[in-house]
Amino acid sequence: MKAVIIDEPFKIRIAEVPVPDIREDEVLIRVAGAGICGSDIGIYNGTNSLATYPRLIGHEYGGWVEKTGSRVKNVRVGECVAVDPVRSCGQCYACRQGRPNVCRSLEVTGVHRDGGFAEYVAAPAEAVYALDAGRVAPEYACLTEPYSIGMQVNERGQVAKGDKLFIMGSGPIGICIMQVAKSRGAQVMMTDMIKERLENAERMGADRVLNIQEEDLAAAVYDWTDGEGMPVIADTVCSVSSFPQALELACPAGRVVVVGLIDKPSAVAQVAITKKELTIVGSRLNNHRFPQVIRGFESGALTPDKLCSRIFPYTEAEEAFRLIRERPQEICKIVLRFADV
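Residues numbered from 1 in each chain as written. Predicted model: local features only at pLDDT ≥ 70, side-chain atom pairs only at ≥ 80, totals over all residues. Heavy atoms only, no water.

Draft legend 1. Region of interest: the sheet that holds strand β12 (residues 187-192). Ordered by their spatial adjacency, 6 strands build an open sheet running β13-β12-β11-β14-β15-β16, and the pairing between neighbours is parallel. Each edge of the sheet is formed by a strand with only one pairing partner; in this case those strands are β13 (208-211) and β16 (279-282). Between one strand axis and the next, the sheet turns by 15 degrees as a mean value, whatever way the strands run. One ladder, built from 4 bridges, connects strand β11 (residues 164-168) with strand β14 (residues 230-235); its direction is parallel. Its bridge partner lying in β14, L165 is registered against V232. Here helix α5 (residues 195-203) sits on the sheet in contact with β12 and β13, set at roughly 175 degrees to β13. (Pairing = 2+ DSSP bridges. Helix = DSSP H or I, 4+ residues; strand = E, 2+ residues; numbered from the N terminus. Axes fitted to C-alpha atoms, helices over the stretch in contact; angles between N-to-C directions. Contact = heavy atoms within 4.5 Å.)

Structural data, given as structure tokens:
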């Protein structure tokens, strides 16, 4: 079979590799589509510190069940499926608390181990979820994963009907967070510096968009919240300055969800947290959120087709990566097609 492999930074190739064998509790999937994520770009650029080379990349993927192991009961041959890339030990404290997405020995397919940018992928059955192919096009099954991150952020922020949510950044994850929040009955403000991203956010459902280079952010936030500040903030900008800014803009008793993985410290005064009694939580990957996302896809509340900017054949993976790097204002999400739908 063919697979997309990055041998070292900026060196990508289409390789011939064996079709994987499956164990009795695994599923063989014929990949329909795979989404390119920022972490894939980081592996390509050499800026993803978690990856090792060479690496068969890709953690957003889905397709059809080709074969099942003898103990598999949850999916059948021929079904359209999405695959959760989180792999955990099941034994550590986090896993015992029902939070395998922060397992102490966590691995993510496509980063720590080979992933889904291939014609066939083997996956544990417990990580495979069926979709209604009559309601969700198979090439968009792969976008269950980024939406699951949006679902996790909403769960961690306890976003509910009537809330006002401020999302810092209007990239793909910001859009996923927004659409999940809207499906819950929240109102959403989003920011960015790229006009095209803000236009896309508005098209996909944001109630208020703000270009921080053209408008006063604090004034806009306080005007939109009648002077209170934001009840819930999700920081997807993930810069040294964005976290302190989120604390400043949160209202008393507000919640701040931090998504970033940067290792540089932010300067934060404790009083900024204590005076408002803020709830500050991290959000990483997803914690069994695929079923919720799939229900959103099937109901039409979440629209993966609108998240996708372009579909490339996998043989043009290098061109797709180049486009994302050189013209980010034109791209929200690119999907690589591995099989005819």
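Draft legend 2. Looking closely at the pattern of salt bridges. The final tally for this structure, using the stated rule, is 21 salt bridges. A salt bridge links R76 to E79; the shortest N-O distance between them is 3.6 Å. The exposed category is assigned to R76, whose relative accessible area is 58%. (Salt bridge = Lys/Arg side-chain N within 4 Å of Asp/Glu carboxyl O. Buried < 20%, exposed > 50% of the residue type's maximum accessible area, 1.4 Å probe, protein only.)

Draft legend 3. Spotlight on the pairing of strand β9 (residues 120-124). Because side chains alternate across β9, one face comprises the buried residues V121 and A123, and the other comprises Y120, A122 and P124, none of which is buried. Direction of pairing for strand β3 (residues 26-35) relative to β9: antiparallel, over a ladder of 5 bridges. Note that in β9 the partner of R30 across the bridge is Y120.

Draft legend 4. Layout of α5. Taken residue by residue, α5 has L198, N200 and A201 as its buried positions. Projected down its long axis, α5 carries its buried residues within an arc of 160 degrees, all on one side. (Arc of directions from axis to C-beta.)

Draft legend 5. Fine view of the packing of helix α6 (residues 217-224) against helix α7 (residues 242-249). The geometry of α6 relative to α7 is characterised by a closest axis approach of 11 Å and an angle of 35 degrees between their N-to-C directions. Regarding α6 and α7, the two cross each other, and that crossing is right-handed. Packed against α6, whose contacting residues are L217, A218, V221 and Y222, the element α7 presents Q245, E248 and L249 at the interface. Classifying every residue of the contact of α6 with α7 by side-chain character gives 5 nonpolar, 1 polar and 1 charged. (Left-handed = near helix turned anticlockwise from the far one by under 90°. Nonpolar A, V, L, I, M, F, W, Y, C, P; charged D, E, K, R; others polar.)

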